[in-house]
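Residue-level structural notes
Below, each chain spelled out in residue letters.
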Amino acid sequence: HIHTTGNASLHSWWGDLLGPNQAFDTSRYFIVCANILGSCYGSTSPSSPKPSSEKEIYGMDFPDISIQDTVRMQLLLLRDELQVQSIKCVIGGSFGGMQAVEYAAQAGSVDSEFAVNDKHDQAKPFVRTVLPIACGASHTAWQIAISEVQRQAIYADPKWNNGNPSPDDPPLAGLSVARQIGMVSYRTSMGYEKKFGRKVRNAATDDDAPPPSYGSQAPWEVKSYLIYQGTKFLSRFDPVTYIKLTEQMDTHDVGRNRGGKEKALRNVHIPALVLGIDSDVLYPLHEQKELVSLFPNAELKVIHSEAGHDGFLLEQDQVASYITGFLEAHD
């Protein structure tokens, strides 16, 4: 799962990495991508009808879901429903990276309830390797704050109605602003400067005068971009789901109920490759360095990019190279 707002359609996010002889080699690997509980892409979510009523949806009554819950659900899906015997590697970026870390904690050791026996009747981890990208061991105050500002944008919309929004007239203006805040946090100052600078759009005026170069009517290119992204987002997401999924991201803490981060991962001896982005403002590189220090058998590789957090989506050649090398190096 990629980002808060991504779906499980791997080809739409990492299309150049999927297919025969690609990083996700479909001629060699059985690849599973699962939407998360609470997502609006097919899973039960706030917009789903309550079991007791076909007409009433969950809305804000949708239960709080943690990343630990989501990963356990996926593990049960893989083991019990798909009858997968072992997982070669769990790979994910951003929100998906958090899940990869949680997979390691829940099923990456011989002490796990998901451990399996090999042909010699020796206990082996169900998950054999993990590759988390652009995330840390827990959601920090910095990330929670950025998520909260986005939620507050939705709450400030009058149509939020004190937590009782109408499904037929939801607070879309607030959701649009929330998305725009997210789009800023995913990138960098240098990336925005390169892409937009101080350019304004050549918008025609009634008297054919040039557009204003400053002030509230200035048609900044960056302003147009953000408004466009905020508007486009409304066709595929709803405000309550956005709130619930950002809250689920905030639950990320591999050490919760496990005695802390160090204790949670110290018995996870499976190989781990952690990828970080040198320009990531949202999940800074020092968090991936910490994550490597927590895994007993981990290494760090750095994606070089001016794109910030979105670098793991945009720098596909680098990502593909690291994934391919890691998968080749470990059974």
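Residues numbered from 1 in each chain as written. Predicted model: local features only at pLDDT ≥ 70, side-chain atom pairs only at ≥ 80, totals over all residues. Heavy atoms only, no water.

1. Here's the deal with the overall build of the chain
- Of the regular secondary structure elements, the chain holds 12 helices and 6 strands.
- Over its C-alpha trace the chain gives a radius of gyration of 21 Å, about what one expects of a compact globule, namely 20 Å for 331 residues.
- Viewed in the frame of its principal axes, the chain has a C-alpha envelope of about 85 × 50 × 40 Å.
- Burial analysis of the chain (331 residues in total) assigns 49% to the buried set.
- Within the chain, contacts between residues separated by at least 24 positions form 71% of all contacts whose residues are at least 6 apart in sequence.
- Approximately 16100 Å² of the chain is accessible, and the part contributed by carbon and sulfur atoms is 50%. (Helix = DSSP H or I, 4+ residues; strand = E, 2+ residues; numbered from the N terminus. Rg over C-alpha atoms; globule rule 2.2 N^0.38 Å. Buried < 20%, exposed > 50% of the residue type's maximum accessible area, 1.4 Å probe, protein only. Contact = heavy atoms within 4.5 Å. Areas by Shrake-Rupley, 256 points an atom, 1.4 Å probe, with all protein chains shown as cover.)

2. What to know about unusual backbone geometry
- Of note, the phi angle at Gln 83 is positive, near 55°, even though the residue is not glycine.
- If you trace the backbone, Gln 83 turns up in the loop between helix 2 (67-81) and strand 1 (90-93).
- You can call Gln 83 exposed: its relative accessible area is 58%.
- A positive phi angle is found at Asn 257, which is not glycine, with a value near 65°.
- Note that Asn 257 resides in the loop between helix 8 (239-250) and helix 9 (261-265).

3. Focus: the sheet that holds strand 4 (residues 130-133)
- Read across the sheet, 4 strands follow the order 1-4-5-6 without closing on themselves; strand pairing throughout is parallel. Taken across any chain shown, the strands that pair with only one partner, and hence form the sheet edges, are strand 1 and strand 6 (298-303). When the angles between neighbouring strand axes are averaged without regard to direction, this sheet yields 15°.
- Against the sheet, helix 10 (residues 285-294) makes contact with strand 4, strand 5 (272-277) and strand 6, and its axis sits at roughly 170° relative to strand 5, the strand it touches most. (Pairing = 2+ DSSP bridges. Axes fitted to C-alpha atoms, helices over the stretch in contact; angles between N-to-C directions.)

4. So, the pairing of strand 4
- The side-chain alternation of strand 4 yields two buried faces, one formed by Val 130 and Pro 132 and the other by Leu 131 and Ile 133.
- Relative to strand 5, strand 4 is paired through 2 bridges, and the arrangement is parallel. Directly across from Ile 133, in strand 5, lies its bridge partner Leu 275.

5. Here's the deal with the confidence of the model for the chain
- Across the chain, the average pLDDT comes to 93, with 95% of residues at or above 70.
- Long-range and interchain partners of residues 1-5, a stretch whose pLDDT sits below 50, account for 34 contacts in this model, where long-range means more than four residues apart. (pLDDT = per-residue confidence, 0-100.)

6. As for helix 2
- With 15 residues, helix 2 extends 20 Å from end C-alpha to end C-alpha; this agrees with the ideal 21 Å at 1.5 Å per step.
- Of the residues making up helix 2, those classed as buried are Ile 67, Gln 68, Thr 70, Val 71, Gln 74, Leu 75 and Leu 78. Considered in projection along helix 2, the buried side chains sweep an arc of 165° and stay on one side of the axis.
- Contact partners of the buried residues in helix 2: helix 3 (95-107) and helix 8.
- A positive backbone phi angle near 55° is found at Gln 83, which sits one or two residues after helix 2. (Expected span 1.5 Å × (residues − 1). Arc of directions from axis to C-beta.)

7. Brief notes about the nonpolar core
- Of all hydrophobic cores here, the largest spans 54 residues; its most connected members are Ile 87 and Val 127.
- Counting residues per element, this core draws most heavily on helix 3, which supplies 8 residues.
- Once residues lying within four places of it in the same chain are set aside, the contact partners of Val 127 are Ile 87, Val 90, Tyr 103, Ala 107, Gly 108 and Ile 270. (Core = buried A, V, L, I, M, F, W, Y, C linked by side-chain atoms within 4.5 Å.)

8. What about the environment of Asp 61?
- Relative to the helices and strands, Asp 61 resides in the loop between helix 1 (10-13) and helix 2.
- Owing to a relative accessible area of 55%, Asp 61 belongs among the exposed residues under this scheme.
- Taking the C-alpha atoms as reference points, Asp 61 and Ala 107, separated by 46 residues in sequence, lie 31 Å from one another.

9. Examining the packing of helix 5 (residues 172-185) against helix 7 (residues 221-233)
- Remark: helix 5 packs on helix 7, axes separated minimally by 8 Å, with the N-to-C direction vectors making an angle of 125°. In terms of axis orientation, helix 5 runs oblique to helix 7. Once helix 5 is placed against helix 7, the crossing between them reads as right-handed. For the pair helix 5 and helix 7, contact is made by Leu 175, Ser 176, Arg 179, Gln 180, Met 183 and Val 184 and by Tyr 225, Leu 226, Ile 227, Gln 229, Gly 230, Thr 231 and Phe 233, respectively.
- A breakdown of the residues in the contact of helix 5 with helix 7 according to their chemical character gives 7 nonpolar, 5 polar and 1 charged. (Parallel < 35°, antiparallel > 145°, perpendicular 65-115°, else oblique. Left-handed = near helix turned anticlockwise from the far one by under 90°. Nonpolar A, V, L, I, M, F, W, Y, C, P; charged D, E, K, R; others polar.)

10. Details of the side chain of Gln 288
- Of note, Gln 288 is situated in helix 10.
- Within the structure, Gln 288 has its side chain in polar contact with the backbone oxygen of Tyr 283 (distance 3.3 Å).
- If we ignore the near neighbours within four places in the chain, the residues touching Gln 288 are Ala 134, Cys 135, Val 274, Leu 275, Gly 276, Ile 277, Tyr 283 and Leu 300. (Polar contact = N/O pair within 3.5 Å; in protein donor to acceptor, adjacent residues only side chain to side chain.)

11. What about the pattern of salt bridges?
- Throughout the structure, instances matching the rule amount to 14 salt bridges.
- Here Lys 50 ties to Glu 56 by a salt bridge, and the two come within 3.3 Å at their closest N and O atoms. (Salt bridge = Lys/Arg side-chain N within 4 Å of Asp/Glu carboxyl O.)

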